[in-house]
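Letter by letter, the chains look like this.
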Amino acid sequence: MNRQFLGYAVLAIVVALLPFAGVYPIFAMKVMCYALFACAFNLLLGFTGLLSFGHAAFLGSAAYAAGHSMKVWGLPTELGLLFGVAVAALLGLAMGALAIRRSGIYFSMITLALSQMVFFFFLQAKFTGGEDGLQSVPRGTLLGLVDLSKDINLYYLVMAIFIIGYFIIWRTVNSPFGQVLQALRENEPRAISLGYDVDRFKLVAFVLSAALAGLAGATKTLVFVSATLSDATWQMSGLVILMTLIGGLGTLTGPVLGAFIVVLLENKVGDFGQIMANLTGVEWFLRLGESVTIVSGLIFVICVLAFRRGIVGELGALFNRRRTARA
(Lines give C-alpha, C1' and ligand atoms only; values in the text may rest on other atoms or scores of the structure.)
Protein backbone atom coordinates (compact mmCIF):
# COMPACT_ATOMS: atom_id res chain seq x y z
CA MET A 1 0.00 0.00 0.00
CA ASN A 2 2.85 2.38 0.87
CA ARG A 3 4.47 1.70 -2.50
CA GLN A 4 1.18 2.43 -4.22
CA PHE A 5 0.79 5.78 -2.47
CA LEU A 6 4.45 6.58 -3.18
CA GLY A 7 3.89 5.87 -6.86
CA TYR A 8 0.81 8.08 -6.92
CA ALA A 9 2.70 10.87 -5.14
CA VAL A 10 5.58 10.74 -7.62
CA LEU A 11 3.16 10.74 -10.54
CA ALA A 12 1.28 13.73 -9.08
CA ILE A 13 4.55 15.67 -8.74
CA VAL A 14 5.47 14.87 -12.34
CA VAL A 15 2.05 16.01 -13.60
CA ALA A 16 2.29 19.20 -11.51
CA LEU A 17 5.60 20.04 -13.16
CA LEU A 18 4.49 19.35 -16.74
CA PRO A 19 3.68 23.01 -17.59
CA PHE A 20 7.20 23.98 -16.59
CA ALA A 21 8.59 21.22 -18.83
CA GLY A 22 7.05 22.79 -21.92
CA VAL A 23 3.86 20.71 -22.08
CA TYR A 24 0.90 22.71 -23.40
CA PRO A 25 -1.48 23.10 -20.41
CA ILE A 26 -4.65 22.75 -22.52
CA PHE A 27 -3.43 19.41 -23.85
CA ALA A 28 -2.64 18.12 -20.36
CA MET A 29 -6.01 19.33 -19.03
CA LYS A 30 -7.82 17.61 -21.89
CA VAL A 31 -6.05 14.36 -21.01
CA MET A 32 -7.07 14.69 -17.35
CA CYS A 33 -10.72 15.38 -18.25
CA TYR A 34 -10.92 12.37 -20.52
CA ALA A 35 -8.98 10.25 -18.02
CA LEU A 36 -11.54 11.04 -15.31
CA PHE A 37 -14.34 10.24 -17.77
CA ALA A 38 -12.71 6.90 -18.62
CA CYS A 39 -12.14 6.06 -14.94
CA ALA A 40 -15.80 6.80 -14.21
CA PHE A 41 -16.86 4.50 -17.05
CA ASN A 42 -14.43 1.82 -15.88
CA LEU A 43 -16.07 1.86 -12.44
CA LEU A 44 -19.27 0.70 -14.12
CA LEU A 45 -17.87 -1.74 -16.69
CA GLY A 46 -14.58 -2.88 -15.20
CA PHE A 47 -15.70 -3.30 -11.59
CA THR A 48 -19.46 -3.85 -11.89
CA GLY A 49 -19.71 -5.58 -15.26
CA LEU A 50 -22.29 -3.21 -16.77
CA LEU A 51 -21.56 -2.10 -20.33
CA SER A 52 -23.12 1.30 -21.01
CA PHE A 53 -23.31 2.64 -24.56
CA GLY A 54 -24.72 5.96 -23.36
CA HIS A 55 -22.17 7.46 -20.99
CA ALA A 56 -21.69 10.48 -23.25
CA ALA A 57 -25.12 11.68 -22.07
CA PHE A 58 -23.66 12.38 -18.62
CA LEU A 59 -20.57 14.10 -19.99
CA GLY A 60 -22.68 16.28 -22.27
CA SER A 61 -25.46 17.06 -19.79
CA ALA A 62 -23.00 18.24 -17.15
CA ALA A 63 -21.09 20.26 -19.73
CA TYR A 64 -24.23 22.10 -20.85
CA ALA A 65 -25.59 22.47 -17.31
CA ALA A 66 -22.36 23.91 -15.92
CA GLY A 67 -21.81 26.18 -18.93
CA HIS A 68 -25.38 27.52 -18.92
CA SER A 69 -25.43 28.11 -15.16
CA MET A 70 -22.17 30.06 -15.25
CA LYS A 71 -22.84 32.03 -18.43
CA VAL A 72 -26.57 32.80 -18.17
CA TRP A 73 -27.37 32.45 -14.48
CA GLY A 74 -24.08 33.92 -13.31
CA LEU A 75 -23.27 31.16 -10.83
CA PRO A 76 -19.70 31.16 -9.47
CA THR A 77 -17.39 28.57 -10.93
CA GLU A 78 -17.46 26.12 -8.03
CA LEU A 79 -21.27 26.16 -7.87
CA GLY A 80 -21.48 25.77 -11.65
CA LEU A 81 -19.33 22.65 -11.47
CA LEU A 82 -21.43 21.21 -8.65
CA PHE A 83 -24.62 21.98 -10.57
CA GLY A 84 -23.29 20.11 -13.60
CA VAL A 85 -22.42 17.10 -11.42
CA ALA A 86 -25.90 17.18 -9.82
CA VAL A 87 -27.61 17.23 -13.23
CA ALA A 88 -25.51 14.28 -14.43
CA ALA A 89 -26.26 12.34 -11.22
CA LEU A 90 -30.01 12.93 -11.55
CA LEU A 91 -29.91 11.89 -15.20
CA GLY A 92 -27.95 8.81 -14.16
CA LEU A 93 -30.60 8.01 -11.56
CA ALA A 94 -33.37 8.23 -14.16
CA MET A 95 -31.51 6.26 -16.84
CA GLY A 96 -30.18 3.71 -14.38
CA ALA A 97 -33.60 3.04 -12.86
CA LEU A 98 -34.82 2.05 -16.32
CA ALA A 99 -31.72 0.28 -17.62
CA ILE A 100 -30.96 -2.02 -14.65
CA ARG A 101 -34.28 -3.78 -15.22
CA ARG A 102 -32.48 -5.67 -17.98
CA SER A 103 -29.00 -7.18 -18.25
CA GLY A 104 -26.42 -7.94 -20.89
CA ILE A 105 -26.88 -6.51 -24.36
CA TYR A 106 -30.40 -5.34 -23.47
CA PHE A 107 -28.98 -3.11 -20.74
CA SER A 108 -26.44 -1.69 -23.19
CA MET A 109 -29.04 -0.97 -25.87
CA ILE A 110 -31.35 0.75 -23.39
CA THR A 111 -28.54 3.09 -22.32
CA LEU A 112 -27.77 3.80 -25.99
CA ALA A 113 -31.41 4.59 -26.78
CA LEU A 114 -31.78 6.88 -23.77
CA SER A 115 -28.50 8.61 -24.60
CA GLN A 116 -29.70 9.30 -28.13
CA MET A 117 -32.88 10.82 -26.72
CA VAL A 118 -30.74 13.16 -24.61
CA PHE A 119 -28.62 14.02 -27.66
CA PHE A 120 -31.64 15.01 -29.76
CA PHE A 121 -32.95 17.08 -26.86
CA PHE A 122 -29.67 19.01 -26.78
CA LEU A 123 -29.79 19.36 -30.57
CA GLN A 124 -33.20 21.06 -30.48
CA ALA A 125 -33.04 22.95 -27.17
CA LYS A 126 -32.43 26.70 -27.45
CA PHE A 127 -30.16 27.02 -24.43
CA THR A 128 -27.57 24.65 -25.93
CA GLY A 129 -27.03 26.69 -29.10
CA GLY A 130 -27.83 23.67 -31.27
CA GLU A 131 -25.07 22.73 -33.68
CA ASP A 132 -23.12 25.88 -32.77
CA GLY A 133 -22.84 24.80 -29.17
CA LEU A 134 -22.68 26.88 -25.99
CA GLN A 135 -19.80 29.30 -26.53
CA SER A 136 -17.86 31.85 -24.45
CA VAL A 137 -18.47 30.27 -21.07
CA PRO A 138 -16.71 32.39 -18.43
CA ARG A 139 -14.12 30.59 -16.34
CA GLY A 140 -14.58 33.03 -13.48
CA THR A 141 -12.59 32.78 -10.28
CA LEU A 142 -12.09 30.08 -7.68
CA LEU A 143 -13.60 31.14 -4.34
CA GLY A 144 -13.38 34.72 -5.61
CA LEU A 145 -9.59 34.67 -5.25
CA VAL A 146 -7.89 32.72 -8.04
CA ASP A 147 -8.29 33.99 -11.61
CA LEU A 148 -9.09 30.95 -13.74
CA SER A 149 -8.73 32.84 -17.02
CA LYS A 150 -5.01 32.06 -16.69
CA ASP A 151 -4.30 28.59 -18.01
CA ILE A 152 -1.76 27.77 -15.32
CA ASN A 153 -4.25 28.49 -12.53
CA LEU A 154 -6.93 26.43 -14.23
CA TYR A 155 -4.41 23.64 -14.77
CA TYR A 156 -3.94 23.06 -11.07
CA LEU A 157 -7.69 23.24 -10.44
CA VAL A 158 -8.27 20.56 -13.09
CA MET A 159 -5.47 18.51 -11.56
CA ALA A 160 -7.08 18.80 -8.12
CA ILE A 161 -10.48 17.80 -9.53
CA PHE A 162 -8.95 14.76 -11.22
CA ILE A 163 -7.19 13.70 -8.01
CA ILE A 164 -10.43 14.03 -6.03
CA GLY A 165 -12.38 12.05 -8.63
CA TYR A 166 -9.69 9.38 -8.85
CA PHE A 167 -9.55 9.08 -5.05
CA ILE A 168 -13.33 8.60 -4.90
CA ILE A 169 -13.06 5.78 -7.42
CA TRP A 170 -10.07 4.22 -5.62
CA ARG A 171 -11.86 4.39 -2.28
CA THR A 172 -15.03 2.94 -3.76
CA VAL A 173 -13.23 0.00 -5.35
CA ASN A 174 -11.33 -0.78 -2.14
CA SER A 175 -14.39 -0.57 0.12
CA PRO A 176 -16.86 -3.32 1.09
CA PHE A 177 -19.27 -1.72 -1.39
CA GLY A 178 -16.67 -2.12 -4.13
CA GLN A 179 -16.12 -5.75 -3.19
CA VAL A 180 -19.84 -6.40 -3.62
CA LEU A 181 -19.74 -4.73 -7.03
CA GLN A 182 -16.91 -7.02 -8.10
CA ALA A 183 -18.85 -10.00 -6.78
CA LEU A 184 -21.77 -8.94 -8.99
CA ARG A 185 -19.43 -8.77 -11.95
CA GLU A 186 -18.03 -12.25 -11.31
CA ASN A 187 -21.19 -14.13 -10.30
CA GLU A 188 -24.45 -12.23 -9.94
CA PRO A 189 -26.61 -15.29 -9.04
CA ARG A 190 -24.28 -16.10 -6.14
CA ALA A 191 -24.47 -12.51 -4.89
CA ILE A 192 -28.27 -12.75 -5.00
CA SER A 193 -28.15 -16.02 -3.06
CA LEU A 194 -26.09 -14.29 -0.36
CA GLY A 195 -28.92 -11.82 0.16
CA TYR A 196 -27.58 -8.71 -1.59
CA ASP A 197 -30.04 -6.33 -3.21
CA VAL A 198 -28.41 -6.52 -6.61
CA ASP A 199 -30.51 -3.86 -8.30
CA ARG A 200 -29.80 -1.33 -5.56
CA PHE A 201 -26.04 -1.88 -5.80
CA LYS A 202 -26.17 -1.57 -9.59
CA LEU A 203 -28.16 1.65 -9.39
CA VAL A 204 -25.81 3.24 -6.86
CA ALA A 205 -22.82 2.29 -9.02
CA PHE A 206 -24.54 3.70 -12.10
CA VAL A 207 -25.36 7.02 -10.40
CA LEU A 208 -21.84 7.34 -8.98
CA SER A 209 -20.32 6.65 -12.39
CA ALA A 210 -22.67 9.18 -14.00
CA ALA A 211 -21.81 11.84 -11.41
CA LEU A 212 -18.06 11.40 -11.94
CA ALA A 213 -18.54 11.45 -15.72
CA GLY A 214 -20.48 14.68 -15.19
CA LEU A 215 -17.59 16.10 -13.16
CA ALA A 216 -15.33 15.41 -16.14
CA GLY A 217 -17.82 17.08 -18.51
CA ALA A 218 -18.26 20.18 -16.35
CA THR A 219 -14.49 20.53 -16.00
CA LYS A 220 -14.05 20.13 -19.74
CA THR A 221 -16.42 23.08 -20.25
CA LEU A 222 -14.12 25.24 -18.15
CA VAL A 223 -11.06 24.13 -20.10
CA PHE A 224 -12.50 24.85 -23.56
CA VAL A 225 -14.96 27.59 -22.43
CA SER A 226 -17.62 25.82 -24.48
CA ALA A 227 -19.97 22.83 -24.56
CA THR A 228 -20.79 21.19 -27.88
CA LEU A 229 -22.90 18.37 -29.24
CA SER A 230 -19.80 16.24 -29.69
CA ASP A 231 -19.77 15.80 -25.92
CA ALA A 232 -23.10 13.95 -26.08
CA THR A 233 -22.80 11.87 -29.26
CA TRP A 234 -22.71 8.08 -29.38
CA GLN A 235 -19.20 8.40 -30.82
CA MET A 236 -18.07 9.83 -27.49
CA SER A 237 -19.55 6.80 -25.72
CA GLY A 238 -17.57 4.59 -28.10
CA LEU A 239 -14.43 6.62 -27.51
CA VAL A 240 -14.54 6.11 -23.74
CA ILE A 241 -14.95 2.36 -24.28
CA LEU A 242 -11.88 2.46 -26.50
CA MET A 243 -9.87 4.33 -23.84
CA THR A 244 -10.82 1.83 -21.17
CA LEU A 245 -10.10 -1.29 -23.21
CA ILE A 246 -6.76 -0.02 -24.53
CA GLY A 247 -5.52 0.95 -21.07
CA GLY A 248 -6.86 -2.04 -19.19
CA LEU A 249 -10.38 -2.96 -18.16
CA GLY A 250 -10.82 -3.39 -14.41
CA THR A 251 -7.60 -1.59 -13.51
CA LEU A 252 -7.35 1.77 -11.81
CA THR A 253 -4.57 3.26 -13.93
CA GLY A 254 -5.50 1.64 -17.25
CA PRO A 255 -8.19 4.15 -18.27
CA VAL A 256 -5.77 7.01 -17.53
CA LEU A 257 -3.19 5.53 -19.88
CA GLY A 258 -5.86 4.79 -22.46
CA ALA A 259 -7.12 8.38 -22.35
CA PHE A 260 -3.58 9.67 -22.79
CA ILE A 261 -3.00 7.45 -25.83
CA VAL A 262 -6.29 8.43 -27.51
CA VAL A 263 -5.84 12.17 -26.89
CA LEU A 264 -2.22 11.95 -28.03
CA LEU A 265 -3.35 10.30 -31.26
CA GLU A 266 -5.98 12.97 -31.85
CA ASN A 267 -3.49 15.79 -31.40
CA LYS A 268 -0.13 14.42 -32.56
CA VAL A 269 -0.76 11.80 -35.23
CA GLY A 270 -0.54 14.51 -37.90
CA ASP A 271 2.91 15.54 -36.65
CA PHE A 272 3.99 11.89 -36.68
CA GLY A 273 2.77 11.60 -40.27
CA GLN A 274 4.82 14.66 -41.25
CA ILE A 275 7.94 13.12 -39.70
CA MET A 276 7.36 9.79 -41.46
CA ALA A 277 6.76 11.56 -44.78
CA ASN A 278 10.07 13.42 -44.43
CA LEU A 279 11.94 10.23 -43.56
CA THR A 280 10.41 7.93 -46.17
CA GLY A 281 9.32 10.31 -48.90
CA VAL A 282 5.89 8.64 -48.97
CA GLU A 283 3.24 11.35 -49.38
CA TRP A 284 0.49 9.16 -47.92
CA PHE A 285 1.84 9.84 -44.44
CA LEU A 286 0.89 13.50 -44.88
CA ARG A 287 -2.77 12.44 -44.79
CA LEU A 288 -2.31 10.50 -41.57
CA GLY A 289 -3.73 13.39 -39.54
CA GLU A 290 -7.03 12.99 -41.39
CA SER A 291 -7.14 9.28 -40.55
CA VAL A 292 -7.14 9.38 -36.74
CA THR A 293 -10.10 7.01 -36.55
CA ILE A 294 -8.30 4.48 -38.76
CA VAL A 295 -5.20 4.61 -36.56
CA SER A 296 -7.29 4.35 -33.39
CA GLY A 297 -9.20 1.41 -34.83
CA LEU A 298 -5.96 -0.33 -35.77
CA ILE A 299 -4.60 0.13 -32.25
CA PHE A 300 -7.88 -1.18 -30.83
CA VAL A 301 -7.71 -4.31 -33.02
CA ILE A 302 -4.09 -4.94 -31.98
CA CYS A 303 -4.97 -4.55 -28.29
CA VAL A 304 -7.95 -6.91 -28.56
CA LEU A 305 -5.89 -9.55 -30.36
CA ALA A 306 -2.57 -9.25 -28.51
CA PHE A 307 -3.37 -7.46 -25.22
CA ARG A 308 -6.81 -8.67 -24.18
CA ARG A 309 -6.31 -7.33 -20.66
CA GLY A 310 -5.21 -3.95 -21.99
CA ILE A 311 -1.74 -2.48 -21.65
CA VAL A 312 -1.79 -2.09 -17.86
CA GLY A 313 -3.55 -5.42 -17.39
CA GLU A 314 -0.97 -7.30 -19.47
CA LEU A 315 1.93 -5.60 -17.69
CA GLY A 316 0.40 -6.54 -14.33
CA ALA A 317 -0.10 -10.15 -15.43
CA LEU A 318 3.50 -10.32 -16.68
CA PHE A 319 4.79 -8.95 -13.37
CA ASN A 320 2.72 -11.49 -11.42
CA ARG A 321 4.01 -14.38 -13.55
CA ARG A 322 7.61 -13.35 -12.98
CA ARG A 323 7.04 -12.92 -9.26
CA THR A 324 5.42 -16.36 -9.08
CA ALA A 325 8.31 -17.90 -11.03
CA ARG A 326 10.86 -16.37 -8.64
CA ALA A 327 8.91 -17.62 -5.62
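Look up: the structure comes first, before these words.
First, a word on scope: everything that follows refers to the structure included in this document.

**Thoughts on the overall build of the chain**
A count of helices and strands for the chain gives 13 helices and two strands. For 327 residues, the compact-globule formula gives about 20 Å, and the C-alpha radius of gyration of the chain, at 20 Å, lands near that figure. With respect to the principal axes defined by its C-alpha atoms, the chain has extents near 55 × 55 × 40 Å. For the chain, the residues scored as buried account for 48% of the 327 residues in total.

**Examining the packing of aromatic side chains**
Counted by the stated rule, this structure contains 14 aromatic pairs. For the pair Phe58 and Phe206, a centre-to-centre distance of 5.7 Å together with 85° between the ring planes defines the contact as edge-to-face. Highlighted residues: Phe58 in helix H3 (residues 56-71) and Phe206 in helix H9 (residues 198-224), separated in sequence by 148 residues. Judged by relative accessible area, which is 0%, Phe58 ranks as buried. Ring geometry for Phe121 versus Phe122: centroids 5.8 Å apart, planes at 50°, classification tilted.

**Quick notes on the pattern of salt bridges**
On inspection of all chains with the given rule, the structure shows five salt bridges. With its nearest N and O atoms 3.9 Å apart, the salt bridge here joins Asp197 to Arg200. Overall, the relative accessible area of 40% leaves Asp197 in the partly exposed class. Notably, a salt bridge pairs Asp231 with Lys220, separated by 2.7 Å at the nearest N-O pair. One end of the pair, Asp231, is in the loop between H9 and helix H10 (234-247); the other, Lys220, is in helix H9, and eleven residues separate them in sequence.

**A closer look at helix H2 (residues 25-45)**
Here H2 spans 30 Å end to end across 21 residues, near enough to the 30 Å set by a 1.5 Å rise per residue. Among the 21 residues of H2, 21 are classified as buried, and the element is accordingly described as predominantly covered.

**A closer look at the nonpolar core**
Formed by 87 residues in total, the largest nonpolar core has its most connected members in Met29, Met32, Phe37, Phe58 and Leu154. With near-sequence residues (within four places) excluded, Met32 lies in contact with Val15, Tyr155, Val158, Met159 and Phe162.

**Description of the packing of helix H6 (residues 151-173) against H9**
The interhelical angle for the contact between H6 and H9, taken along N-to-C directions, is 175°, at an axis separation of 11 Å. Overall, the two elements H6 and H9 adopt an arrangement that is roughly antiparallel. Contacts between H6 and H9 involve Leu154, Leu157, Val158, Ile161, Gly165, Ile168, Ile169 and Thr172 from the former and Leu208, Leu212, Leu215, Thr219, Leu222 and Val223 from the latter. The residue makeup of the contact of H6 with H9, split by class, is eleven nonpolar, three polar and no charged.

Rules behind the numbers
Residues numbered from 1 in each chain as written. Predicted model: local features only at pLDDT ≥ 70, side-chain atom pairs only at ≥ 80, totals over all residues. Heavy atoms only, no water. Helix = DSSP H or I, 4+ residues; strand = E, 2+ residues; numbered from the N terminus. Rg over C-alpha atoms; globule rule 2.2 N^0.38 Å. Buried < 20%, exposed > 50% of the residue type's maximum accessible area, 1.4 Å probe, protein only. Phe/Tyr/Trp six-rings, centres within 6.5 Å; stacked < 30°, edge-to-face > 60°. Salt bridge = Lys/Arg side-chain N within 4 Å of Asp/Glu carboxyl O. Expected span 1.5 Å × (residues − 1). Core = buried A, V, L, I, M, F, W, Y, C linked by side-chain atoms within 4.5 Å. Contact = heavy atoms within 4.5 Å. Axes fitted to C-alpha atoms, helices over the stretch in contact; angles between N-to-C directions. Parallel < 35°, antiparallel > 145°, perpendicular 65-115°, else oblique. Nonpolar A, V, L, I, M, F, W, Y, C, P; charged D, E, K, R; others polar.

Just distances and angles here, no functional claims.
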